[in-house]
Amino acid sequence: VVRKTTNAPGIITSGLQDVEIPTIPLDEFVLDKSGIWDARVAVECVVTGRNYTYSQLRTKSKNFGSSLRKKLKLQKNDVIAMLLPNVPEFPIVALGAIRAGLICTTINPLYTPEEIARQLTDSSAKVIITLNDFWPLARAAVQSTKTDIPVLTVDTKQGQSTPAGAINFSEFTDNAVDFPRAATSSEDVIFLPYSSGTTGLPKGVQLTHSNIVSNICQLHHPELNLFRETTADYQEVCPAVLPMFHIYGLTVLCWNLLSLGIKITTLPKFEPEMYIKSLRKYKPSTLYVVPPIAIFLAKHPAVKPEDLDSVEYLINGAAPLGKLDEEELIKKANRDIAVLQGYGLTETSPAVLTIWPNMKKMPGIEGALGLPLANTQVKLVAIDDPTGTPLGPNQTGELLVKGPQVMKGYLNRPKENEETFLDGWLRTGDMMYYNDEGFLFITDRLKELIKVKGFQVAPAELEEIVRNFPDVTDAAVIGVPDPKVGEVPRVYIVTRPGAKIDFDKLNEHVNSKVANYKQLKGGICVIDSIPKNATGKILRRELKMIYEKENSS
Ligand code: ATP
Ligand code: MG
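All residue numbers refer to positions counted from 1 along the written sequence of the respective chain. Labels are handed out in written order, letters beginning with A for the chains and numbers beginning with 1 for the ligands. Only residues with pLDDT of at least 70 get local features here, since the model is predicted, and only at 80 or more are side-chain atom pairs given and counted; chain-wide, interface and lining totals rely on the full set of residues. No hydrogens and no water enter the side-chain calculation; it runs on all heavy atoms of the structure.

Help me understand the packing of aromatic side chains in this model?
Any pair of aromatic rings gets described here by the distance separating the centres and the angle formed by the planes. Only Phe, Tyr and Trp rings take part, Trp by its six-membered ring, and two of them pair if their centres are within 6.5 Å. Stacked means planes under 30 degrees apart, edge-to-face means over 60, and tilted covers everything else. Going through the model one piece at a time under the given rule, you end up with nine aromatic pairs. Centre to centre, the rings of Trp 37 and Tyr 54 are 6.1 Å apart; their planes meet at 65°, and the pair counts as edge-to-face. Within this pair, whereas Trp 37 is found in the loop between helix 1 (26-31) and strand 1 (41-45), its partner Tyr 54 is found in helix 2 (residues 54-70), the two being separated by 17 residues in sequence. Both residues of the pair, Trp 37 and Tyr 54, belong to the buried class. Taking 5.0 Å as the distance between ring centres and 5° as the angle between the ring planes, the aromatic pair formed by Tyr 433 and Phe 441 counts as stacked. Put simply, the rings of Phe 64, Phe 169 and Phe 172 pair up and form one aromatic cluster. In this structure, Lys 71 packs its charged tip against the face of Phe 172, placed 5.2 Å from the ring centre. Should the NZ of a Lys or the CZ of an Arg lie within 6 Å of a ring centre and within 35 degrees of the ring normal, that charge is described as sitting over the ring. The ring of Trp 425 has Lys 379 sitting right over it, with the charged end atom 4.5 Å from the ring centre. Comment: elements are numbered from the N terminus, with helices defined as DSSP H or I runs of at least four residues and strands as E runs of at least two. Note on exposure labels: buried denotes an accessible area under 20% of the residue type's maximum, exposed denotes more than 50%, and partly exposed covers the range between, all computed with a 1.4 Å probe on protein chains only.

Below is the structure:
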């Protein structure tokens, strides 16, 4: 039974018993239990079928890491840049580099050369690992750094030749001279992912062995367990479409699932056909999603109810999933899928809050993000309160987190590090409250709240209301300047093809549900698509740029 306790007024914990966290490097943690499932496939590409067993993962990663040290002469704590979509080689590269005492910075392969160059320079990366197909992109990025970083490329198709100037990944890995495991402390940094850049430029987040191992152990608390144990005769399969270059895919999919002996089936990008094919072929019991994928499953006509037959748990994270979208999904499946939530940040490895299976039935849980993981404390603090005094129930404030999954700090950003930590607590920048049952609810991001006459309006609340108006398929709200009240909400909507929206009716629909100051006084505008990043977060600053352009001409 779940018990919620507070050990000090306003400090919220889950009441889950603390889990033990071993002091062991991540690569050992992930691979050392795998004796039982050595011969089983660890990762498989849905598109090409190429795959690696757990035992191949161990050997190849060791060889790859050795080659980085021996052939490229990389030194302890050097940074390697992984410019990779989800491919079976991803864990080989990361585990090998970590074993060799190196740090992995993961880069979004949809970035422009300039964006990639910025991360290469900021992280002082010494080598890039990418796919043959991304060679021109990597080359352009390297040129724009004005350095000569070597590039290793993985061939994903039979018979593909390595581009002139690149180093072939397989040859580099297979002819390795063994390099002994690097001496490590669990406080060594192993990953340097960048925050998504939703509210500013992406920041390099330093995560240690201990951060990632802790977060996995926290997710493995018996109360949260979603998977049947891997044995000699049984193995679950889980599709990995969420990008592993982002912390959600990296920890929750890649390391969490591999440490359980599950078979990960990778999709290099989200393609409806391929994703549906992976559901039909592999029959997963758990799906990790972000809102656009949950909405795709709920609303897309190509997804048939029977495609969801094997699914018991659907875990949403990274951005808010509306209640109505959840209901639509369950209606589509025509069965009782448990839709669970996870909340986290790059800075927290990422998981902080979650709903676990038996919590779904508890009163007061609807719409909540759940409770903190084991070994984690959170509190809410009034905006601009430097004392960090915790607020009580039903008061909205900024969420602060303390736990073993909290990052060491941002790379080379003393000012942000100072601002982000308050007496050892991490400020999340997210506005939340907890109800009388102790469950946490997110209102919106501090930086995205719209201020109408001093009242705060959360874009996410309006977006959910607008999205549920007939023929509206997506919506995003921003604040636009207003001479009288400071700022007013303006909505950008995407409509069903060919549909015409009656703006007066849409306004009436919104006005019947919200207070006067939240009304869409900044107007309604139809747009082809809402700009979003790889994990489904709305890029509101791009909409603000669109608005500024509209108004400057
Ligand atoms: P940046 O910090 O560079 O502006 P970012 O905060 O979007 O970018 P991430 O670390 O990828 O970068 O995302 C963390 C944020 O995602 C959280 O602070 C929160 O706002 C949002 N988030 C995460 N999980 C959820 C969830 N389940 N529901 C709603 N929002 C979520
Ligand atoms: Mg952030």
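The structure having been displayed, the exposition proceeds.
Can you walk me through the site of ligand 1 in this structure?
Taken together, 25 residues are adjacent to ligand 1, and Ser 196, Thr 198, Thr 199, Thr 346 and Asp 430 come closest. In this structure, a nitrogen atom belonging to ligand 1 sits 3.4 Å away from a side-chain N or O atom of Gln 341. Between ligand 1 and Thr 346, the relevant distance is 2.6 Å, taken from an oxygen atom to a side-chain nitrogen or oxygen of the residue. In these tables, accessible area is a Shrake-Rupley quantity obtained with a 1.4 Å probe, and a residue counts as shielded only by the protein chains included in the view. Here ligand 1, which alone exposes 640 Å², has 95% of that area covered by the protein. Elements that contribute at least two residues to the shell around ligand 1 include exactly strand 14 (338-344), strand 21 (425-434) and strand 22 (440-445). Among the elements that make up the shell around ligand 1, the one with the highest residue count is strand 14 (four residues). Being near a molecule or strand, for a residue, means having at least one of its heavy atoms within 4 Å of it. Two N or O atoms count as a polar contact when they lie within 3.5 Å, although within protein this holds only if one can serve as hydrogen donor and the other as acceptor, and sequence-adjacent residues are included solely when both atoms are side-chain atoms.

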